[in-house]
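# Inside the fold
Chain by chain, the residues:
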Amino acid sequence: AQKITQTQPGMFVQEKEAVTLDCTYDTSDQSYGLFWYKQPSSGEMIFLIYQGSYDEQNATEGRYSLNFQKARKSANLVISASQLGDSAMYFCAMREPYTGRRALTFGSGTRLQVQP
Amino acid sequence: DVKVTQSSRYLVKRTGEKVFLECVQDMDHENMFWYRQDPGLGLRLIYFSYDVKMKEKGDIPEGYSVSREKKERFSLILESASTNQTSMYLCASSLFPRGTESSYEQYFGPGTRLTVT
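Figured I'd write up the structure that's included with this text.

Definitions and cut-offs
Residues numbered from 1 in each chain as written. Chains lettered and ligands numbered in written order. Predicted model: local features only at pLDDT ≥ 70, side-chain atom pairs only at ≥ 80, totals over all residues. Heavy atoms only, no water. Helix = DSSP H or I, 4+ residues; strand = E, 2+ residues; numbered from the N terminus. Rg over C-alpha atoms; globule rule 2.2 N^0.38 Å. Buried < 20%, exposed > 50% of the residue type's maximum accessible area, 1.4 Å probe, protein only. Pairing = 2+ DSSP bridges.

### Focus: the overall build of chain A
Each helix and strand in chain A was counted, giving 0 helices and 12 strands. By the compact-globule yardstick of 13 Å for 116 residues, chain A fits well, its C-alpha radius of gyration being 14 Å. When the backbone C-alpha atoms are referred to their principal axes, chain A occupies close to 45 × 30 × 20 Å. Across the 116 residues in chain A, those meeting the buried criterion constitute 50%.

Shown next, in the form of structure tokens:
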């Protein structure tokens, strides 16, 4: 069974600084995908970034980058130059094998608060 | 833009009532999912469907059923609502994966916050 662990229930960061949100995963599959979603207080889930297990380079999307360390089974999200609008819950998730349920397994989330 | 809509943002029901949560997506996605979100637990899969009239149990299906009569619509049914079903319910949809490395990102609706009293 797949498992996602997010060990930081809450994080604080100063505006304009960088922050790293931790995510470790456990799977026996060779092919998998890792996602990060943002959930503002309004409740909608916003897709941020994706990393495939065979991707050799770390994924980047604007101010978001994914620090993928396959051997350590970690997929940390790095947000550069934090903004007040980055305050939200952040979820790490793993795609189940595409031959299976095709659902996502989620971690428990990290609440990020950006301080002015 | 992909759009996933849910019938209600907030819902209050009484114990024992039958509750219907509706979800509609407009991007012709094959896969649809219902998740439940509780503090400290993240999102947990209740049911999913990869085709019309097809449904599969997720990790926490007890007390729930689903219906998918049309490709764009996936309904979650609480047969007899109980207080422990008070939660945020999120619907999602995605394309059928075309390759082993397809992201098939899931698109989420705005969520329904259900309170059972």
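### Some thoughts on the pairing of strand β4 (residues 31-38) of chain B
Residue and element names in this part refer to chain B. In terms of residue burial, β4 counts as a mostly covered element, since 8 of its 8 residues are buried. A two-sided burial pattern is seen for β4, the buried positions comprising Asn 31, Phe 33, Tyr 35 and Gln 37 on one face and Met 32, Trp 34, Arg 36 and Asp 38 on the other. By the bridge criterion, 7 bridges tie β4 to strand β9 (residues 87-94) in an arrangement that is antiparallel. Among the inter-strand pairings, Gln 37 is bridged to a residue of β9, identified as Met 88. Bridge count between β4 and strand β5 (residues 42-49): 7 bridges; the pairing is antiparallel. When the sheet's bridge partners are listed, Gln 37 is paired in β5 with Leu 43. Linkage of β4 to β5, two consecutive antiparallel strands, is achieved through a turn of 3 residues, within which Gly 40 is found at a positive phi near 80°.

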